[in-house]
Amino acid sequence: MLEQRPAGRTLKYPYTYTAKIVQFPYKHYIKNQWIWRFYFISFGLSLPLFYKLHSLANQSANKERWAETKRKELQQETHH
C-alpha cells in the first residue's frame, strides 16, 4: 500500500485561512477539552425533551388555538 504524503511543506506561519484550518490541532482540543465531551452527551440527552416539546406544540388542538389567536390579532389590526 502506498503511503500518502501531504502535498508540499507546511508553513511556519499559516497566512491563508485554508492553511490555518488545515494546521489547527483539532485532535488535541477534542481530546483534552471537557466541552466537546459534554456537548455530545447533553445533545443526546436533550433529544427526548425536544421531541416531547415538538409533539406537544404540534397537537391539533394547539394548532387550532394558535390559528384562532392569529385570526383575532389580524381582525384587531384591520379595525384600528
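In short, a report on the structure.

Cut-offs and rules
- Residues numbered from 1 in each chain as written.
- Predicted model: local features only at pLDDT ≥ 70, side-chain atom pairs only at ≥ 80, totals over all residues.
- Heavy atoms only, no water.
- Helix = DSSP H or I, 4+ residues; strand = E, 2+ residues; numbered from the N terminus.
- Rg over C-alpha atoms; globule rule 2.2 N^0.38 Å.
- Buried < 20%, exposed > 50% of the residue type's maximum accessible area, 1.4 Å probe, protein only.
- Areas by Shrake-Rupley, 256 points an atom, 1.4 Å probe, with all protein chains shown as cover.
- Lys, Arg positive; Asp, Glu negative; His and termini not counted.
- Charge placed at Lys NZ, Arg CZ, Asp CG, Glu CD.
- Phe/Tyr/Trp six-rings, centres within 6.5 Å; stacked < 30°, edge-to-face > 60°.
- Expected span 1.5 Å × (residues − 1).
- Bend = angle between axes of the 7 residues up to and from the residue.

This paragraph deals with the overall build of the protein. Check the secondary structure of the protein and you find 4 helices and 0 strands. Taken from N to C terminus, the helices and strands of the protein fall in the order α-α-α-α. The C-alpha atoms of the protein give 26 Å as radius of gyration, which overshoots the globular expectation for 80 residues (12 Å, by more than 25%). Taking the principal axes of the C-alpha coordinates as reference, the protein spans close to 70 × 35 × 30 Å. Residues counted as buried form 4% of the 80 residues belonging to the protein. Just so you have it, the protein exposes about 8,600 Å², and 63% of that area is on carbon and sulfur atoms. A distance of 20 Å separates the average location of the 13 positive side-chain charges in the protein from that of its 5 negative side-chain charges.

On to the packing of aromatic side chains, then. The full count for this structure, using the stated rule, is 5 aromatic pairs. When the centroid spacing of 5.3 Å and the interplanar angle of 75° are considered together, the rings of tyrosine 13 and tyrosine 15 count as edge-to-face. For tyrosine 13, a relative accessible area of 48% corresponds to the partly exposed category. Take tyrosine 15: its relative accessible area is 65%, and that puts it in the exposed class. By the ring-pair criterion, three or more aromatic residues cluster together here, those being Phe24, Tyr26 and Tyr29.

Quick reminder: α-helices carry 3.6 residues per turn. Residues three or four places apart thus point the same way. Taking 1.5 Å of rise per residue, 24 residues should cover 34 Å, and helix α3 (residues 34-57) covers 34 Å from first to last C-alpha, within 8% of that figure. Of all the bends in α3, the largest measures some 35° and sits at serine 46, one to four residues before the proline proline 48.

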